[in-house]
Amino acid sequence: MNVLVYSGPGVSQTSLDATLSTLKSLLGSNFAVQTVSPKALESEPWTVGCALLVIPGGRDLPYLASLERAIPKIVGYVKAGGSYLGICAGAYFASGRIEWEIGTPLEVQGERPLKFFPGLSKGCMYPGFQYDTEIGARTVSITTCDGEKVIEGLYYNGGGEFVVQESMKDVEPLAYYNDPHGSRSIAGVSCTFGIGKAVLWHIHPEYPITGELVVAAAARSTEGPAVAHLPQLETQRQILFCDTMRILGLSFPSLANHRDPPTHPLPQHIYATERALSILEALEGALESIQNEHGIVDDTIDSFKVHKASAEFNPRDIPLEFDGIQHVVFHQEYPPNDDAASLFSISSYFDALREARKTRGSCTPSAPLQCELGDILLYGEAISSTQTLLERNIKTLEVLPVPLLSLATYQLSGRGRGSNVWVSPLGCLQWSLLLRPPPQFPTGKLVFIQYLVGLAVVEACRDVMGKLGDSVVLKWPNDIYAKVKILRGEEMKKIGGILVNTVFMAGGVRIIVGCGVNVLNDPPIFSLSQLHPGGSKAIPKLTMENMAATIMVIFGRMWNEFIAAGSFEPFVDLYLDRWIHSDQLVTLESVHPPVRARIVGITPDYGLLRTIPETYKAGGPEFIDLQPDGNSFDMMAGLIRTKK
């Protein structure tokens, strides 16, 4: 799920930066926190998969102008169950009317279109505001309306008060200012709008109290907090922000149980099955041959230093502080031990690989593959992106063996399709696989690889989970969903996605398959383990290691058959049985004028989505075929749009 933060005309850069930082700190392991432009809010299908829309501090009037065309979609999103957070200018913007600095050269007043808070926002609460300065900034304290909490040291600059009337049944005051006159002016409100929620704050809960900006504002305040109390007050601010998120329906671990993921890449470890150890030894030599005089492989994106695990070298001796170097440790022993991996059992993975091959049978790798899929494993607890690591480091890519599986517990910059971000919290199985088809393989058939990978993942779910795995299905072109039973039928939950990149270079094309599957995630992210009321304990075969190994074995057999056939033809019937689109009626907005059409399959030549117009017109096309990389499928709305 996405948390979208508006970035466009009117936004204060400092408020935007602080909002993103706080949201990523508290939510980043469960949600994809990213900025969104006015154009995207107007024309993109952002409402699907959006858990929260945030309008941070800045200027209300530019918001009016730049978001004018997006306002109907924002209103519809919240009314249909979405969540909105407005901070300072974002709160004014979401009010029914504002009156700000009346009688001064800065005066702004008038009706506002969102009206999540249907009443008047009146400001400034405190005097001295000047645009683009900190002259009027100060720290303030608020008291929650239940009287249970007093939060001090919060940043304020230009905010107002909410004038709440008794008739506003859908408005709940959250906190009031502790001003010396005892006016109990309201600083924050929670508003029900349709079946959605909006929380609006006239103070700035996004700025860390220990930060330079807030400390400076506190120094200008007559009742600013003592420096010694700032760490304690910062914890209170974070709790306030967490409470705000929960009001808006975003669930996540409590601060007490919050485990921050690593912030920088950690050493990677490379292992192999017994029969692939010689390939590992050759790779170590190849990497040493392209090192510079400092023993570093200085590549396009990353720099690597090779180590060899031995009695004399302990991987734990590598400094924890990131020095800009990706450390790769070669483990030449078999069976491997788990000393270097605390969150993924290397030995359990290779055991599962062996058992899966016993069940499904081993297969001789087809040239130019040097071993079976899964035989060589590159594992890192935290890396930037498994996909970027393999795709964009060209020197290293030229010497890497194929196939090579890169797997991580945390991805710091996980990539999805296009510009999408893939959230990589604990419990997500995220991997990339380096492949190489034979030189004679038709390049036009490479598009089918994303379909083949998706099919392998779905079949692996059925293998590991039994009947529960039958609910895992494919969404064209590259998403994996689960059908989840609810009170009134079923709903679709996304649990995975696939990304395939090709690199054309000397010696032939390289294929980098990337995939993320939510296997053991806790809510709010839906995962395979939640298909059973008892969770993963009720599905003993559902482990990260077993899932990875099973996917490799099933995909390996499919890959061999795909290469031998030179086409996707052997898998078409199974693919269509596993996807959710058979005979689905959709609206094609990617053609002009839009057309109602029925999905009938994929084309055998280039893997296009084949549709038949519902109403045939003389002289019109019999089929309308759509490219997977040029279109966006809004499954819930039954719309196919041109991807922008």
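Here the structure is shown first, and the text comes after it.
Calculation notes
- Residues numbered from 1 in each chain as written.
- Predicted model: local features only at pLDDT ≥ 70, side-chain atom pairs only at ≥ 80, totals over all residues.
- Heavy atoms only, no water.
- Buried < 20%, exposed > 50% of the residue type's maximum accessible area, 1.4 Å probe, protein only.
- Helix = DSSP H or I, 4+ residues; strand = E, 2+ residues; numbered from the N terminus.
- Pairing = 2+ DSSP bridges.
- Axes fitted to C-alpha atoms, helices over the stretch in contact; angles between N-to-C directions.
- Contact = heavy atoms within 4.5 Å.
- Expected span 1.5 Å × (residues − 1).
- Arc of directions from axis to C-beta.

**Quick look at the pairing of strand β13 (residues 196–201)**
Regular strands have side chains that alternate between both faces of the sheet.
And then number 1: For β13, a buried count of five out of six residues is recorded, marking the element as mostly surrounded by other parts of the structure.
And then number 2: Of the pairings in the sheet, the one linking strand β12 (residues 186–193) to β13 comprises six bridges and is antiparallel in character. Each residue of the ladder has a partner; that of Cys-191, found in β13, is Ala-198.
And then number 3: The turn joining β12 and β13, which pair antiparallel and follow one another in sequence, is formed by two residues; a positive phi near 65° is taken by Gly-194.

**Looking at the sheet that holds strand β16 (residues 303–308)**
And then number 1: Taken together, 11 strands build an open sheet; the order of strands is β15-β16-β17-β14-β18-β19-β20-β24-β23-β22-β21 and the sheet is mixed. The open sheet is flanked by β15 (296–298) and β21 (472–475), the only strands paired with a single partner. Ignoring strand direction, the axes of neighbouring strands in this sheet form an average angle of 25°.
And then number 2: Relative to strand β20 (residues 428–435), strand β19 (residues 404–411) runs antiparallel, the two being bridged by five bridges. Residue Leu-407 lies in a different strand from β20, and its bridge partner there is Trp-431.
And then number 3: Along the sheet face, helix α12 (residues 449–465) touches β20, β21, β22 (479–486), β23 (489–505) and β24 (508–518) and points at about 170° away from the line of β21.
And then number 4: Contacts between helix α13 (residues 544–565) and the sheet are confined to β19 and β20, with β20 contributing the most and set at about 30° to the helix.

**Examining helix α9 (residues 346–360)**
And then number 1: With 15 residues, α9 extends 21 Å between its outermost C-alpha atoms, agreeing within 8% with the 21 Å of an ideal straight helix rising 1.5 Å per residue.
And then number 2: For α9, the full list of buried residues reads Ile-346, Tyr-349, Phe-350, Ala-352, Leu-353, Ala-356 and Arg-357. What you see down the axis of α9 is that its buried residues fit within an arc of 160°, all on one side. Away from the buried face of α9 by more than 90 degrees, exposed residues Lys-358 and Thr-359 are located.
And then number 3: Here the buried face of α9 lies against β14 (268–272), β18 (376–383), β19 and α13.
And then number 4: Gly-361 sits one or two positions beyond α9 and adopts a positive phi of about 90°.

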